[in-house]
Amino acid sequence: SPRRKMPGDVDVGGGTNAVPSNAQNVLVPLSEVTKAINSEREAYDRLLLMLLQGSTDLKKSEDGSVSLRSSLDAVIAESKEKDKIQTNDSKLIMQLSKNLETLLM
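About the criteria used
Residues numbered from 1 in each chain as written. Predicted model: local features only at pLDDT ≥ 70, side-chain atom pairs only at ≥ 80, totals over all residues. Heavy atoms only, no water. Helix = DSSP H or I, 4+ residues; strand = E, 2+ residues; numbered from the N terminus. Buried < 20%, exposed > 50% of the residue type's maximum accessible area, 1.4 Å probe, protein only. Areas by Shrake-Rupley, 256 points an atom, 1.4 Å probe, with all protein chains shown as cover. Salt bridge = Lys/Arg side-chain N within 4 Å of Asp/Glu carboxyl O. Patch = residues over 30% accessible without salt bridge, like charges linked within 9 Å, V, L, I, M, F, W, Y side chains within 5 Å. pLDDT = per-residue confidence, 0-100.

## Thoughts on the overall build of the protein
Thought 1: Counting secondary structure elements, the protein contains one helix and two strands.
Thought 2: Helices and strands in the protein line up, N terminus first, as β-β-α.
Thought 3: Going through the 105 residues of the protein one by one, you find that 2% of them count as buried.
Thought 4: Within the structure as shown, the protein displays about 9600 Å² of accessible surface, and the carbon and sulfur contribution to it stands at 60%.

## Considering the pattern of salt bridges
Thought 1: Under the definition given, this model contains four salt bridges.
Thought 2: For the salt bridge of Lys 35 with Glu 32, the shortest nitrogen-to-oxygen distance reads 3.6 Å. Linking Lys 35 with Glu 32, this pair stays in helix α1 (residues 30-104), spanning three residues, or about one helical turn.
Thought 3: For Lys 35, a relative accessible area of 53% puts it in the exposed group.

## A look at a nonpolar patch on the surface
Thought 1: Together, Tyr 44, Leu 47, Leu 48, Met 50, Leu 51 and Leu 52 make up an exposed nonpolar region whose accessible area comes to about 630 Å².
Thought 2: Structurally, the position occupied by Leu 47 is in helix α1.

## A look at the confidence of the model for the protein
Thought 1: Per-residue confidence for the protein gives a mean pLDDT of 85; residues scoring 70 or more make up 78%.
Thought 2: When pLDDT is averaged over each element of the protein, α1 comes out on top at 94 and strand β1 (residues 10-12) at the bottom at 50.

Written out as structure tokens, the structure is:
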């Protein structure tokens, strides 16, 4: 797998990094190690913050969806009830019309 270029790495042939023959004796300054660790830690913290914010946004969206779904269910139930009332009213009007027609004959 590819490695990061570190101080002391030797370029060989095709531009790939190769481990020098004296790899056991390569020293990396502690300040460089500390910088790399701090940089990776900052990147990790940014990523973690993005994930936490995304999680909060997802929770809000899910809550909104649940709320809209319950509103939709309520509207559908109300619509069905109004349809029943309208059907009953239509039947009553038909009955009254027949009764009126019978009275007028």
